[in-house]
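Read off the chains here:
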Amino acid sequence: MSKLLSRRRVLAGSAAALMAPFVARAAPESIVVASSGGKLEEAFTTAYYKPFTEKTGIKIVTATNTYAKLKAMVDANAVEWDVMQTDSAPAANNARLGLLEALDYGVIDKSSIIPGLAREHYLPIDTAAAVISWNTKNVRKEAIPQTWAEMWDLKRFPGQRGLWKQPSQVMEIALMADGVDKDRLYPLDIERALKSLDRIRPQIFWWTSGGQAAQILIDGDIAAEMCWNGRLYEPKLGGAPVDFHFNQELLVADSFVVPRGVKNKNTSMEFIAFCMQPERQAAFSMAIPYGPTNQKALALIDPKRQAVLPSAPENLARGVFQNFDWWAENGQKTAERFNSWMLA
């Protein structure tokens, strides 16, 4: 009997030891997802947050995704966020600085992600695009710019052209306007890009926000500009005199990242995996005109909606993704050179 009891105690102890890791990894009641708010967060709530809570019982608490706070939390080993939404170029830079956890692609299925997008520390979750856009009252139909080079052509139409007052994206557009093939942009020739901008410098209206870019085009203050497709989609539907196309679109993306030192690491990975499912990605693209990065989601989106998404196959073939890792490595010195040019 004593031997039997001893064996039972050993087995009980072994079972407890095996169960201990699962107890330690018990799902939290909530996780914190930091994002930029606005309509993007509304789409996240519809496509991701509410369905995730319904499926798992885990509540999503939102926070504002300031980059300075990310670094401060990681440096202090006091991470409050579980997942962060960020533009992909800053995500690449934060990875370079060692602020992010490696993503668990054993949990997150990347097999259907647009080739080349999934990175070790960040995963693009949607696509937006800087596109050629114009005011339909100010630009004659035959003068609509089909390429960035035509946007630069002062003979097509006089007046100001709108550009973002940042080197990111503008450098790529300026090079395409100067004849550089979209698939051979990188590494960027910054001096050539600035010379390209010199050609239209007096005609540039420098806008500083997406809201401003949309408004000056709607109001007819400028004839044409680079603008983000999501900023013009609803005004166009509402009858505003604006239009755009996806030829030579420059694609950018939001990414999900996990701060280094996160407390709920397993749940963070599971949340990202959930958001990348085709059904969730399709629901997101139906809520906001940003394209999915999971290509299987497109089969769940009707053709009319696909036509206005940057990552729909026909549109994707006409554009190019920004090289996020190049900007992580070269963004600071490029910004310094751009700012110097602006002051010259």
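Structure: above.
Please read these numbers as outputs of a predicted model, since none were measured by experiment.

Asks: Mind showing me how you'd approach the packing of aromatic side chains here?
Replies: The geometry of two aromatic rings is summed up by the distance between their centres and the angle between their planes. Counted under the stated rule, the structure contains 20 aromatic pairs. Judged by centre distance (5.9 Å) and plane angle (80 degrees), the rings of Trp206 and Phe338 are edge-to-face. In this pair, Trp206 sits in strand 7 (residues 204-207) while Phe338 sits in helix 14 (residues 324-343), placing the two residues 132 residues apart along the sequence. The pair formed by Trp206 and Phe338 is uniform in burial state, with each residue classed as buried. In textbook terms, an aromatic cluster arises when at least three aromatic residues are bridged by ring pairs, as seen for Phe44, Tyr48, Tyr49, Phe52, Phe256, Phe271, Phe274, Phe284 and Tyr290. A cation over a ring is seen here: Lys110 above Tyr105, with NZ or CZ 4.6 Å from the ring centre. The ring of Trp341 has Arg201 lying over it, and the distance from NZ or CZ to the ring centre is 4.0 Å.

Asks: When you look at the sheet that holds strand 2 (residues 59-64) in this model, what are you seeing that I'm missing?
Replies: Strand pairing in a sheet relies on backbone hydrogen bonds, with the paired strands running either antiparallel or parallel. Read from one edge of the open sheet, 5 strands run 2-1-3-10-4, paired in mixed fashion. Looking at the sheet topology across the chains shown, the edges are occupied by strand 2 and strand 4 (123-124).

Asks: Explain the pattern of salt bridges here, please?
Replies: Pairing of side chains with opposite charge becomes possible as their charged atoms draw close. The full count for this structure, using the stated rule, is 13 salt bridges. Between Lys39 and Glu234 there is a salt bridge, with its nearest N and O atoms 2.9 Å apart. Here the residue Lys39 occupies a position in helix 2 (residues 38-56), and Glu234 occupies one in helix 9 (residues 229-237), the gap between them amounting to 195 residues. Taking relative accessible area as the criterion, Glu234 reaches 46% and is therefore assigned partly exposed. Linking Lys236 and Asp243 is a salt bridge whose minimum nitrogen-to-oxygen distance equals 2.7 Å.

Asks: When you look at the nonpolar core in this model, what are you seeing that I'm missing?
Replies: One broad rule of soluble globular proteins: the nonpolar side chains tend to lie buried together. Judged by nonpolar contacts, the single largest core of 109 residues is most densely connected at Trp152, Met171, Leu197, Phe271 and Ile272. Residue contacts for Phe271: discarding those within four places in its chain leaves Ile31, Val33, Tyr48, Tyr49, Phe52, Ile60, Val83 and Phe256. If you look at the next biggest cluster of nonpolar residues, it comprises 7 residues, including Tyr233, Ala282, Ala297 and Ile301.

About the criteria used
- Residues numbered from 1 in each chain as written.
- Predicted model: local features only at pLDDT ≥ 70, side-chain atom pairs only at ≥ 80, totals over all residues.
- Heavy atoms only, no water.
- Phe/Tyr/Trp six-rings, centres within 6.5 Å; stacked < 30°, edge-to-face > 60°.
- Helix = DSSP H or I, 4+ residues; strand = E, 2+ residues; numbered from the N terminus.
- Buried < 20%, exposed > 50% of the residue type's maximum accessible area, 1.4 Å probe, protein only.
- Lys NZ or Arg CZ within 6 Å of the ring centre and 35° of its normal.
- Pairing = 2+ DSSP bridges.
- Salt bridge = Lys/Arg side-chain N within 4 Å of Asp/Glu carboxyl O.
- Core = buried A, V, L, I, M, F, W, Y, C linked by side-chain atoms within 4.5 Å.
- Contact = heavy atoms within 4.5 Å.

Function cannot be read off these values alone, since they describe shape.
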